[in-house]
Amino acid sequence: MGNIKFVKENREIVVAKGANLRLKAVENGIDIYKFFSKLTNCGGAGQCTTCVVQIVEGLENLSPRTDLETKKFKNKPDNYRLACQTLVNGPVSVITKP
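Parameters and conventions
- Residues numbered from 1 in each chain as written.
- Predicted model: local features only at pLDDT ≥ 70, side-chain atom pairs only at ≥ 80, totals over all residues.
- Heavy atoms only, no water.
- UniProt positions renumbered as here; feature names shortened; annotations may be inferred.
- Helix = DSSP H or I, 4+ residues; strand = E, 2+ residues; numbered from the N terminus.
- Buried < 20%, exposed > 50% of the residue type's maximum accessible area, 1.4 Å probe, protein only.

- By the naming in an unreviewed UniProt entry, the protein chain is Ferredoxin, taken from Dolichospermum compactum NIES-806.
- In its Cofactor (unreviewed entry) section, the UniProt record describing the protein chain reads: "[2Fe-2S] cluster".
- In UniProt, the protein chain has this text filed under Sequence similarities (unreviewed entry): "Belongs to the adrenodoxin/putidaredoxin family."

Structure, rendered in structure tokens:
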């Protein structure tokens, strides 16, 4: 089990180990997209890179960055992740729309 704490929203949800961060956020009404991206996102396929989140605690409890993330975030800190490509394996704290 893992808890995902959404810092800006002041909400915490409990998820099963290996849960997809984007899917659990959407299922629980957490808005991870900026304005225009709400209409144009790829639905979790990792193509649009609009579901960016910043991990403030528990980076070690996530799946490793994918090759796509490494390529897209080469100039960003290691704690920036695509929610759709991130699996949660333990407690984490997340900032949406960094």
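1. Side note on unusual backbone geometry
The phi angle of most residues is negative, glycine excepted, and most peptide bonds adopt the trans form.
And then number 1: The backbone of Asn-10 shows a phi angle near 55 degrees, a positive value even though the residue is not glycine.
And then number 2: Mapped onto the elements of the fold, Asn-10 is located in the loop between β1 (2–6) and β2 (11–15).
And then number 3: Given a relative accessible area of 66%, Asn-10 falls into the exposed group.
And then number 4: Unusually for a residue other than glycine, Lys-97 sits at a positive phi of about 50 degrees.
And then number 5: Along the chain, Lys-97 falls in the segment after β7 (92–96).

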